[in-house]
Amino acid sequence: MHSREAMYYETAGEKVRCLLCPHQCLIKEGGTGICHVRRHEKGKLYTDVYGKLSAINFDPIEKKPLYHYFPGSVILSIGTVGCNMHCPFCQNWQISQTPAKSFSFRDVYSAGDILQIARSKKQNIGVAYTYNEPVIWIEYVLDVARQIRGAGMKNVMVSNGFIAPAPLDELLTCIDAFNIDLKSFSDDFYRNVSGARLEPVLASLKKIAQSEKHLEITNLVIPGYNDKEEEFLAMVKWIAGELGKETVLHLSRYHPMYKMEQEATPSDTLRKLAETAEKYLLYVYVGNIELQDYRDTKCPNCNAVAIKRSGYHTEMKAIDENGSCLYCHKKIIRNYS
Ligand code: SF4
């Protein structure tokens, strides 16, 4: 299981063109794409991270974060290395910004190995593809996800959403829930800070929402970069208008990390933006900081605290076995148990 031929590429003269994400890298013999894990060798494109994991853990589903998808459950979470973006604030930069050839992988796991591990814990609902960008190891995601789905378990993908339409369609055949990182509503931010583009991410979000798969969005708020009220308002209105007001939004507090040294996001900024978001969206949360009002799930109809959260611990306060409010019966969680 050293390297395996990649999906989604074409030959282009002496080079190959990877068609997996919107970068569409043109790769010369011996070279890799922007993600540093897809390599051209003798006219073929190979993935160098198939089955090679940098991390494997049973995590609370709330850690992904997914707050409206089987709350209180556990999910086997796996990641490899590499990313098709290069954000200077990346919280997992030790794995996301490391080329496959520079990482010492301890073990290689077949899809069957992952299924066996997933089944070994009773409370586990399935597998989350996370930690680094799963789009760039799609071959392994698809192989594992098909086995997991075949066993009646769930597949979750935590992604930046920077993927071409055809591979996203293929993922939609077996992924049940997504958390997509919407880093900013500015194409300049995507181009100059993350080395990508906004429009393909918005297109992915629309496609996922139209597929009716479960979707939550995370927006990391970085002072001076993406915290302008006007731009944030435009983003929230777009989410409500294009994806629906029930779309769950997680605002996440930035802390100095990797190449970015400025101070952490003030709690006032997060509170103000959350208040703005709440005018358009039913479920707004704030993470990486203790703001209890924005941690619990409240019924948008009668304001009862349906789910109380403390860290990753969840307490079902006023929610019935169908995920509806105990008091007014508003459906809050579509995938509950
Ligand atoms: S997946 Fe990697 S190699 Fe393929 S286009 Fe995207 S960055 Fe380039």
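Colleague: Can you walk me through the overall build of the protein chain in this structure?
Modeller: When helices and strands are counted, the protein chain shows eight helices and 17 strands. By principal-axis analysis of the C-alpha atoms, the protein chain measures approximately 65 × 45 × 35 Å. In the protein chain, buried positions account for 55% of the 337 residues. Within the structure as shown, the protein chain displays about 14600 Å² of accessible surface, and the carbon and sulfur contribution to it stands at 47%.

Colleague: Is there a simple way to explain the sheet that holds strand E16 (residues 305–310) in this structure?
Modeller: The strands making up a sheet associate through hydrogen bonds between their backbones, and the pairing can be parallel or antiparallel. Strand order in the open sheet formed by three strands is E15-E16-E17, and the pairing between neighbours is antiparallel. The open sheet terminates on both sides in strands that have one partner only, identified here as strand E15 (297–298) and strand E17 (313–316). As paired strands, E15 and E16 are joined by two bridges and run antiparallel to one another. Within E16, the position partnered with Thr-297 by the bridge is Ile-307.

Colleague: Sorry, what's going on with the nonpolar core here?
Modeller: In a soluble, globular protein the nonpolar side chains are often hidden away together inside. If you look at the biggest cluster of nonpolar residues, it comprises 87 residues, and the most contacted ones within it are Tyr-129, Leu-182 and Leu-205. Considering each element in turn, this core owes the most residues, seven residues, to helix H3 (residues 138–150). The residue makeup of this core includes at least three contributed by each of domain 1 (4–47) and domain 2 (55–295). Those residues in contact with Leu-205, other than ones at most four positions away along the chain, are Ile-180, Leu-182, Leu-215, Ile-217, Trp-238 and Leu-243. Tyr-67, Cys-299, Ala-304 and Cys-325 belong to the second-largest nonpolar core, a separate cluster that totals 13 residues.

Colleague: Which parts of the structure should I look at to understand the domain arrangement of the protein chain?
Modeller: Put simply, an interface is often sized by how much accessible area is lost when its parts join up. Each domain of the protein chain was delimited in the assignment, giving domain 1 (4–47) and domain 2 (55–295). The partner domain 2 presents 23 residues to the 16 residues of domain 1 that form the contact. For the pair domain 1 and domain 2, the two sides together bury roughly 1500 Å², of which 65% comes from carbon and sulfur. The largest per-residue losses of area from domain 1 upon contact with domain 2 belong to Tyr-8, Leu-20 and Pro-22, which jointly make up 35% of the total buried on that side. Applying the counting rule to domain 1 against domain 2 returns two salt bridges. One salt bridge in this structure joins Asp-143 and Arg-4, with 3.8 Å as the shortest N-O distance. Residue classes in the side of domain 1 that touches domain 2 are distributed as ten nonpolar, three polar and three charged.

What counts, and where the lines are drawn
- Residues numbered from 1 in each chain as written.
- Predicted model: local features only at pLDDT ≥ 70, side-chain atom pairs only at ≥ 80, totals over all residues.
- Heavy atoms only, no water.
- Helix = DSSP H or I, 4+ residues; strand = E, 2+ residues; numbered from the N terminus.
- Buried < 20%, exposed > 50% of the residue type's maximum accessible area, 1.4 Å probe, protein only.
- Areas by Shrake-Rupley, 256 points an atom, 1.4 Å probe, with all protein chains shown as cover.
- Pairing = 2+ DSSP bridges.
- Core = buried A, V, L, I, M, F, W, Y, C linked by side-chain atoms within 4.5 Å.
- Domains from an automatic or database assignment.
- Contact = heavy atoms within 4.5 Å.
- Buried area = accessible area lost by both parts, 1.4 Å probe.
- Salt bridge = Lys/Arg side-chain N within 4 Å of Asp/Glu carboxyl O.
- Nonpolar A, V, L, I, M, F, W, Y, C, P; charged D, E, K, R; others polar.

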